[in-house]
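# Structural characterization, general
Now for the letters of each chain:
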Amino acid sequence: MNGKSKKKIFIYIAFIVLTVAVLGIVISFKLSRNILIGSWESEDKARIYRFDENTLTITFADSNDSQLYGYSVKDNKELILNKGGKNFHYEIFVRDNSIAISSEEADSPEILHRVYE
């Protein structure tokens, strides 16, 4: 092999390695980010849930009253909600454009659908 073909092979290999590294970074960023951020509507359309980086605002449709909570998410599987200084733990089940939030105290999960604004 001459010098030019070795150089081309090296460039191709470097391009493939760089592409795989960039894709790996993008995929890991997407998988590790908070999936809840945005607006969600309850299945019965009685409540709107707005998740920011660390605050949750629940607005009730019938009275337009709002409640503000602090929250955190562990591994996009567990929601830790701070209500009046106490932490409550909920499990998160992700579907296509909806999520189900359940706890041991509740009979059935709260189904939320993504609201696109």
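In the block above lies the structure referred to throughout.
The structure reproduced in this document is the subject of the present report. Counting restarts for each chain, with residues numbered from 1 along the sequence as it is written. Given that the model is predicted, a residue must reach a pLDDT of at least 70 before its local features are reported, and side-chain atom pairs must reach 80 or more before they are shown or counted; all residues, however, enter totals for whole chains, interfaces and linings. Side-chain metrics in this entry use all non-hydrogen atoms of the structure; hydrogen atoms and water are not considered.

This part is about the pairing of strand E6 (residues 86-94). Any two strands with at least two DSSP-identified bridges between them are counted as paired. Counting from the N terminus, the helices are DSSP H or I runs at least four residues long and the strands are E runs at least two residues long. Pairing analysis gives six bridges linking strand E5 (residues 78-83) to E6, with the strands arranged antiparallel. Within E6, the position partnered with Lys-83 by the bridge is Lys-86. In this structure, E6 lies alongside strand E7 (residues 98-102), joined through four bridges in antiparallel fashion. Paired with Val-94 across the two strands is Ile-99, which belongs to E7. As consecutive antiparallel partners, E6 and E7 are separated by three residues.

A few words now on the layout of surface pockets. One number sums up the size of the largest pocket: a volume of about 280 Å³. Every definition here rests on a 1 Å grid over the protein atoms only: cavities are sets of points where a 1.4 Å probe fits but cannot get out, pockets are open sets enclosed by protein on both sides within 12 Å along at least five of seven lines, and lining residues have some atom within 4 Å of a point. Looking at the largest pocket, it is lined by 19 residues, and the ones nearest its centre are Tyr-49, Leu-81, Tyr-90, Ile-101 and Glu-110. Put simply, the parts of the chain that give the lining of the largest pocket at least two residues each are strand E2 (47-51), strand E3 (55-60), strand E4 (66-74), E5 and E7. A class-by-class count of the residues in the lining of the largest pocket yields twelve nonpolar, four polar and three charged. Grid points are joined across faces, edges and corners, and a volume is the space filled by probe spheres set on the points. Lys, Arg, Asp and Glu make up the charged group, whereas Ala, Val, Leu, Ile, Met, Phe, Trp, Tyr, Cys and Pro make up the nonpolar group; the residues left over, Gly among them, are polar.

Another point: a nonpolar patch on the surface. To count toward a patch, a residue needs a relative accessible area above 30% and no salt bridge. Like charges then connect within 9 Å, nonpolar side chains (Val, Leu, Ile, Met, Phe, Trp, Tyr) within 5 Å. The Shrake-Rupley method, run with a 1.4 Å probe sphere, supplies the accessible areas, and residue values consider only the shown protein chains as cover. By definition here, a salt bridge exists when the distance from a side-chain nitrogen of Lys or Arg to a carboxyl oxygen of Asp or Glu is within 4 Å. On the surface, Ile-9, Ile-13 and Val-17 cluster together into a nonpolar patch covering about 270 Å² of accessible area. Within the secondary structure layout, Ile-9 lies in helix H1 (residues 3-32). Of the residues examined, Ile-9 reaches a relative accessible area of 39% and is grouped as partly exposed. Working definition: with a 1.4 Å probe on protein chains only, accessible area under 20% of the residue-type maximum means buried, over 50% means exposed, and in between means partly exposed.

On to the sheet that holds strand E1 (residues 38-42), then. Read once around its circumference, the closed barrel built from eight strands follows the order E1-E2-E3-E4-E5-E6-E7-E8, with strand pairing classed as antiparallel. Here the average twist between neighbouring strands, direction ignored, is 35 degrees. In the sheet, E4 pairs with E5 via five bridges, with the strands oriented antiparallel. Looking at E5, one finds that Lys-74 is bridged to Glu-78. For every element, the axis is a line fit to its C-alpha atoms; helices are fit only across the contacting stretch, and the angle between N-to-C directions ranges from 0 to 180 degrees.

Another point: the pattern of salt bridges. Throughout the structure, instances matching the rule amount to three salt bridges. For Arg-47, the salt bridge is made with Asp-44, and the minimal N-O distance between the two is 3.7 Å. Residues joined in a network through salt bridges with shared partners are Asp-44, Arg-47 and Glu-110.

In this section: the side chain of Thr-59. Residue position: Thr-59 is located in strand E3. Between N or O atoms, a polar contact is any pair within 3.5 Å; within protein, one atom must be a potential hydrogen donor and the other a potential acceptor, and residues adjacent in sequence are included only when both atoms are from side chains. At 3.2 Å, the side chain of Thr-59 forms a polar contact with the side chain of Ser-66. Discounting residues that sit within four places of it in the chain, Thr-59 has contacts with Ala-46, Arg-47, Ile-48, Arg-50, Asn-64, Asp-65 and Ser-66. The contact criterion used throughout is that any non-hydrogen atoms of two residues lie within 4.5 Å.

The next thing to look at is the packing of aromatic side chains. Any Phe, Tyr or Trp ring, taking Trp's six-membered ring, that has another such ring centre within 6.5 Å forms a pair; planes under 30 degrees apart are called stacked, those over 60 apart edge-to-face, and the others tilted. If you walk through the whole model with that rule in mind, you get one aromatic pair. Measuring from ring centre to ring centre gives 5.1 Å for Phe-51 and Tyr-71, while their planes differ by 85 degrees; the resulting arrangement is edge-to-face. On the criterion of sequence distance, the pair formed by Phe-51 in strand E2 and Tyr-71 in strand E4 is long-range, its members being 20 residues apart. No difference in accessibility class separates Phe-51 from Tyr-71, as the two residues are buried. In this structure, Lys-83 packs its charged tip against the face of Tyr-69, placed 5.8 Å from the ring centre. The rule is short: NZ of Lys or CZ of Arg within 6 Å of the ring centre and within 35 degrees of the ring normal puts a charge over the ring. One cation-aromatic arrangement involves Lys-83 over Phe-88; the distance from NZ or CZ to the ring centre is 5.3 Å.

Purely spatial values, then, with no claim about function.
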